[in-house]
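# Examination of the molecular architecture
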Amino acid sequence: MDFSFGAEDVGFREESRCWLAEHWGEGVGGDADWDVRRSWERELGRGGWIGIGWDRACGAYGNRAATLVQQVVWAEEYAAAGAPERVGHIGENLLAPTLIAYGDAAQRDRFLPPVARGEELWCQGYSEPGAGSDLAAVRTVAVRDGGVYRITGQKVWTSLAHEADWIFVLARTDPGERRHRGLSFLLVPMDQPGRIEVRPIRQLTGTAEFNEVFFDGAVARAEHVVGGPGGGWQVATGLLALERGVSTLAQQVAFGRELGEVIGEAVRNGAADDPLLRDRLVRQWAELRVMRWNALRTLGPAAGDAGAPSVAKLLWAGWHQRLGELAMHVRGAGAASGPGAWSADAPYELDAAQRRFLFSRADTIYGGSDEIQRGIIAGRVLGLDGGRKR
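Now for a look at the structure at hand. Computed from a predicted structure; not experimentally measured.

Moving on to the overall build of the protein. The helix and strand inventory of the protein stands at eleven helices and eight strands. Split into buried and exposed, the 390 residues of the protein put 49% on the buried side. Across the protein, the fraction of contacts at a sequence separation of at least 24, relative to all contacts at a separation of at least 6, is 72%. Surface summary for the protein: the accessible area is close to 18900 Å², and the carbon and sulfur share equals 53%. Within the protein, one finds 44 positive and 51 negative side-chain charges whose respective centroids are separated by 5 Å.

Before going further, it helps to examine helix H5 (residues 105-116). Over its twelve residues, H5 runs 16 Å from end to end, which matches the ideal 16 Å to within 8%, given 1.5 Å per residue. By the burial criterion, the buried members of H5 are Gln107, Arg108, Phe111, Leu112, Pro113, Pro114, Val115 and Ala116. Those residues of H5 hidden inside the fold are in contact with helix H2 (34-46), helix H4 (89-102), strand E1 (122-125), strand E4 (166-172), strand E5 (183-189) and strand E8 (225-226). Of the residues trailing H5, Gly118 is marked for its positive phi of about 75°.

Phi at Trp157 takes a positive value of approximately 60°, unusual for a residue other than glycine. Mapped onto the secondary structure, Trp157 falls in the loop between strand E3 (148-155) and E4. For Leu160, which is not glycine, the phi torsion reads 65° and is therefore positive. Mapped onto the elements of the fold, Leu160 is located in the loop between E3 and E4. Classification of Leu160 by relative accessible area gives buried; the value is 11%.

Turning our eyes to something else, we now look at the environment of Val156. Note on placement: Val156 falls in the loop between E3 and E4. When the C-alpha positions of Val156 and Arg355 are compared, they lie 22 Å apart, and in sequence the two are 199 residues distant.

This part covers helix H11 (residues 370-381). Between its first and last C-alpha, H11 extends 16 Å over twelve residues, near the 16 Å set by a 1.5 Å rise per residue. Listed in full, the buried residues belonging to H11 are Asp370, Gln373, Ile377 and Gly379. Buried positions along H11 lie against helix H9 (308-331).

It is worth spelling out the side chain of Asp9 at this point. Structurally, the position occupied by Asp9 is in helix H1 (residues 7-23). No salt bridge is formed by the buried Asp9. Its closest oppositely charged neighbour is Arg13, at 8.3 Å. At a separation of 2.9 Å, a polar atom in the side chain of Asp9 contacts the main-chain amide nitrogen of Gly6.

As a further point, take the pattern of salt bridges. Within the structure shown, the criterion is met by 21 salt bridges. Between Arg356 and Glu258 there is a salt bridge, with its nearest N and O atoms 3.4 Å apart. Pair noted here: Arg356 is in helix H10 (residues 352-359) and Glu258 is in helix H7 (residues 246-269), with a separation of 98 residues, a long-range link. Exposure remark for Arg356: the relative accessible area of 15% places this residue in the buried category. Sharing partners across several salt bridges, the network here consists of Arg13, Arg17, Glu76, Glu77 and Arg292.

Before going further, it helps to examine the packing of aromatic side chains. Applying the stated criterion across every chain, the model contains 18 aromatic pairs. When the centroid spacing of 5.8 Å and the interplanar angle of 55° are considered together, the rings of Trp74 and Tyr78 count as tilted. Of the two residues, Trp74 and Tyr78 are both situated in helix H3 (residues 68-80); the distance of four residues between them amounts to about one turn of the helix. With relative accessibility at 7%, the residue Trp74 sits in the buried group.

Running from N to C, H1 and H3 cross one another at 30°; their axes reach a closest spacing of 9 Å. Classified by the interaxial angle, the pair formed by H1 and H3 is roughly parallel. Both H1 and H3 take part in a crossing whose hand is right-handed. Two secondary-structure elements touch here, H1 through Glu8, Asp9, Phe12, Arg13, Ser16, Arg17, Trp19 and Leu20 and H3 through Val69, Gln70, Val73, Trp74, Glu76, Glu77 and Tyr78. Here the contact of H1 with H3 is composed, by residue class, of seven nonpolar, two polar and six charged.

What follows covers the packing of helix H8 (residues 275-298) against H9. Between H8 and H9, the least distance of the axes is 10 Å, while the angle of their chain directions is 155°. Taken as axis vectors, H8 and H9 run roughly antiparallel relative to one another. Regarding H8 and H9, the two cross each other, and that crossing is left-handed. Counting all contacts with H8, which are made through Leu277, Arg280, Leu281, Gln284, Glu287, Leu288, Met291, Asn294 and Thr298, the residues of H9 involved are Ala308, Val311, Leu315, Trp316, Trp319, Arg322, Leu323, Glu325, Leu326, His329 and Val330. Class assignment for the residues of the contact of H8 with H9 results in twelve nonpolar, four polar and four charged.

Scoring rules and cut-offs
Residues numbered from 1 in each chain as written. Predicted model: local features only at pLDDT ≥ 70, side-chain atom pairs only at ≥ 80, totals over all residues. Heavy atoms only, no water. Helix = DSSP H or I, 4+ residues; strand = E, 2+ residues; numbered from the N terminus. Buried < 20%, exposed > 50% of the residue type's maximum accessible area, 1.4 Å probe, protein only. Contact = heavy atoms within 4.5 Å. Areas by Shrake-Rupley, 256 points an atom, 1.4 Å probe, with all protein chains shown as cover. Lys, Arg positive; Asp, Glu negative; His and termini not counted. Charge placed at Lys NZ, Arg CZ, Asp CG, Glu CD. Expected span 1.5 Å × (residues − 1). Salt bridge = Lys/Arg side-chain N within 4 Å of Asp/Glu carboxyl O. Polar contact = N/O pair within 3.5 Å; in protein donor to acceptor, adjacent residues only side chain to side chain. Phe/Tyr/Trp six-rings, centres within 6.5 Å; stacked < 30°, edge-to-face > 60°. Axes fitted to C-alpha atoms, helices over the stretch in contact; angles between N-to-C directions. Parallel < 35°, antiparallel > 145°, perpendicular 65-115°, else oblique. Left-handed = near helix turned anticlockwise from the far one by under 90°. Nonpolar A, V, L, I, M, F, W, Y, C, P; charged D, E, K, R; others polar.

So yeah, pure geometry; function would need other evidence.
The following block contains the structure:
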């Protein structure tokens, strides 16, 4: 396919690059603390850089227009600038397109502008202890009580729940139905002391980006049910289809920077003299190029391919996991020691490569495990689910 950059796209790239250099600056690391990242989200909003990929049929919400190619350009330049990992991506890339597709005018008018300004942050209430990959098995219940729903249940692996202002929750509103029937998609404020409790989940890295969220009579307004009562399954699965796309290309720019760091260390410490290790480095580079062209392909005529998101997830998850392992192999025995001396105040210090290695162990699990992705490809693409091709 032809995915060339025209003159307008080149100009958009220059504009993006200059704005990032002026407002974030070169040489500033991406591991910013929470206050910096939240302030940066508002800065992006003031610059009109949030939601440039939103469908503008329902309104612009203060953002600039951008073609699909220009969205790719912005994502690539953002990653190349080393700017902080976005804390508003769930609201921008998941909730907002879902409201544009399934929400009503009042919901869009209430929730999209604060996301576009970088003022309200969101988290996703899908997975539960007994319903991870099997989303239709959720047991969280929402009971209508006049003009509100009262929610009881638990969600788990909820990214950024400890800092989010709102959460969208998939809950069962019709107890007489089973599986995907009788579910609703509710927008719930997180600031409900005594009704919502967030418990961080400590990971191998020593950090806690994921959380458990407990609901004990938490309140959601009836007008904040997206898609209407019982319409949650269509909304929830529509949202899941948005988790891949332009962001994959930005992710690959970051992956390229990580690979460059591993190659640089291999050259400096002499590990690159090993022909077997050099072969692994070249293979990582070649696979990253393949992932890029596959991602570009899926943004074009292949965008409707049923299995494209699952193929992309399988490719990048395994690749990134192998990169983490390769980084440790390049470092050799030194990979077992931390960046500083042990102390009681800092007993668990890791450098960036060590954190990446440990965190990447989860790449093939979160966001839909490899087994789930292969099942989707087998059923929806290859027609191996009893001969029916969905």
